[in-house]
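Listed below, chain by chain, are the residues.
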Amino acid sequence: MTHIPWAGLPAHIHDAVTTRHGTITAVRDITAGFNCHAAAVLDTGSGALFLKATRGHSAGHDREAAVAPHTGPAAPALLWRTTSSCSSWDWDLIAFHAVDGLHADLTPGSPHLAAVADLLIAAELPAPSALHLPSWADQWAAHATPGELEQLHGTRLVHGDINPHNLLADNTRIWLVDWALAARGPAWADTAETAIRLIEDGHTAAGASAWAGTVPAWRTADPAAIALWAELRCRALTAAVGADGAQHSNNRHQALADTLVQSVHGLAR
């Protein structure tokens, strides 16, 4: 989506904030992200908030609002969600407490690595039975048999979109934001996805595997399920871009899967 700066948004959206929080004293537009038309950190008379605005109804906002009461200490608190209308568009607005921090650094030697592991431990939460969340495995349904997908089902709340833009570091900890792809899945899912991000940021497969081993949920992971997860990611990418285009990424996934499976077997012993 093309991002609209705060100053370019309709006055009724500005009013939706000022009627709740008072005068806006500073604005920082956020241009990263793909699931909203506008995003900004707004300093107001009642504190700082992070606002996302989307033209029309947002299914991502539906999911974020639904899981917000259940994300515990892992995510900033939801402040409110509303619809704001004008003559040409309905806008879907959602606001959270703002995190005063930077994107997490996942490169080798980063002081954030241990804090990200601590975050994943804090985020190991049950998926609320009352919420109709999709299965984390469903994203690979076109490339798997029903029996294979069954191995990737689970009962935990999975963030589903781990990347540095969604990991915000303040002076004391890491926060996990943007739960628009939240799903129900295995406890190890977000750790596995984070390990891939570590490799993308310069870690070896062995280094990423060693980091994953610091997360307790990893000790109970099923090695066969981990191997299947990597295989399904490879199948999906190959189908999308062809074997040649997928080779580099697929090699990375396979190397990580091999070392992760070995580490889980080692932990089990």
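Our subject in this report is the structure included herewith.

**Details of empty space enclosed by the protein**
Piece 1. A complete count under the given rule lists one cavity of 30 Å³ or more for this structure.
Piece 2. Taken together, Leu120, Ala123, Glu124, Arg156, Leu157, Val158, Pro186, Ala187, Asp190, Thr191, Val215 and Ala217 make up the lining of the largest cavity.
Piece 3. At the level of elements, strand 7 (156-158) and helix 5 (189-200) are the ones that each hand at least two residues to the lining of the largest cavity.

**A closer look at the sheet that holds strand 9 (residues 174-176)**
Piece 1. Spatially, the three strands line up as an open sheet ordered 6-8-9, and their pairing is antiparallel. Edge positions in the open sheet fall to strand 6 (102-103) and strand 9, since each of these has one partner strand only.
Piece 2. As paired elements, strand 8 (residues 167-169) and strand 9 share three bridges and run antiparallel to each other. From the neighbouring strand, Leu168 faces strand 9, where its bridge partner is Trp175.
Piece 3. Helix 3 (residues 112-122) contacts strand 6, strand 8 and strand 9 of the sheet and is inclined by roughly 45° relative to strand 9.

**Some points on the sheet that holds strand 3 (residues 47-55)**
Piece 1. Spatially, five strands are ordered 1-2-3-5-4 in an open sheet, and the strand pairing comes out antiparallel. Of all the strands in the sheet, just strand 1 (24-29) and strand 4 (78-85) have a single pairing partner and so form its edges. Direction aside, neighbouring strands of the sheet carry axes that sit 25° apart on average.
Piece 2. By the bridge criterion, five bridges tie strand 1 to strand 2 (residues 38-44) in an arrangement that is antiparallel. Within strand 2, the position partnered with Ala26 by the bridge is Asp43.
Piece 3. Together, strand 1, strand 2, strand 3, strand 4 and strand 5 (90-97) form the strand contacts of helix 1 (residues 11-21), whose direction differs from that of strand 4 by roughly 140°.

**Some points on helix 6 (residues 205-212)**
Piece 1. All buried positions along helix 6 are accounted for by Ala205, Ala208, Ser209, Trp211 and Ala212. All buried residues of helix 6 project into a common sector of 160° when viewed along the axis, lining one side.

**With respect to helix 3**
Every α-helix carries 3.6 residues per turn, so stepping three or four residues along brings you back to the same face.
Piece 1. Three or more residues of helix 3 are buried, namely Leu113, Val116, Ala117, Leu119 and Leu120. All buried residues of helix 3 project into a common sector of 155° when viewed along the axis, lining one side. Away from the buried face of helix 3 by more than 90 degrees, exposed residues Ala114 and Asp118 are located.
Piece 2. Packed against the buried residues of helix 3 are strand 8, strand 9, helix 5 and helix 6.

**Re the environment of Asp92**
Piece 1. The residue Asp92 is located in strand 5 in this model.
Piece 2. On the basis of relative accessible area, Asp92 is assigned to the buried category, the value being 3%.
Piece 3. A C-alpha to C-alpha distance of 5.1 Å links Asp92 and Thr54, two positions 38 residues apart in sequence.
Piece 4. In this view, Asp92 contacts Lys52, Ala53, Thr54, Gly56, His57, Ser58, His61, Arg81 and Thr82; residues no more than four positions away in its chain are not counted.
Piece 5. Of the polar contacts made by the side chain of Asp92, one reaches the side chain of Arg81; its length is 2.7 Å.

**Quick look at unusual backbone geometry**
Piece 1. Even without a glycine there, the phi angle at Asp178 is positive, about 60°.
Piece 2. Structurally, the position occupied by Asp178 is in the loop between strand 9 and strand 10 (183-185).

Conventions adopted
- Residues numbered from 1 in each chain as written.
- Predicted model: local features only at pLDDT ≥ 70, side-chain atom pairs only at ≥ 80, totals over all residues.
- Heavy atoms only, no water.
- 1 Å grid on protein atoms, 1.4 Å probe; cavity = no way out; pocket = protein on both sides within 12 Å on 5 of 7 lines; lining within 4 Å.
- Points joined across faces, edges and corners; volume = space filled by probe spheres on them.
- Helix = DSSP H or I, 4+ residues; strand = E, 2+ residues; numbered from the N terminus.
- Pairing = 2+ DSSP bridges.
- Contact = heavy atoms within 4.5 Å.
- Axes fitted to C-alpha atoms, helices over the stretch in contact; angles between N-to-C directions.
- Buried < 20%, exposed > 50% of the residue type's maximum accessible area, 1.4 Å probe, protein only.
- Arc of directions from axis to C-beta.
- Polar contact = N/O pair within 3.5 Å; in protein donor to acceptor, adjacent residues only side chain to side chain.

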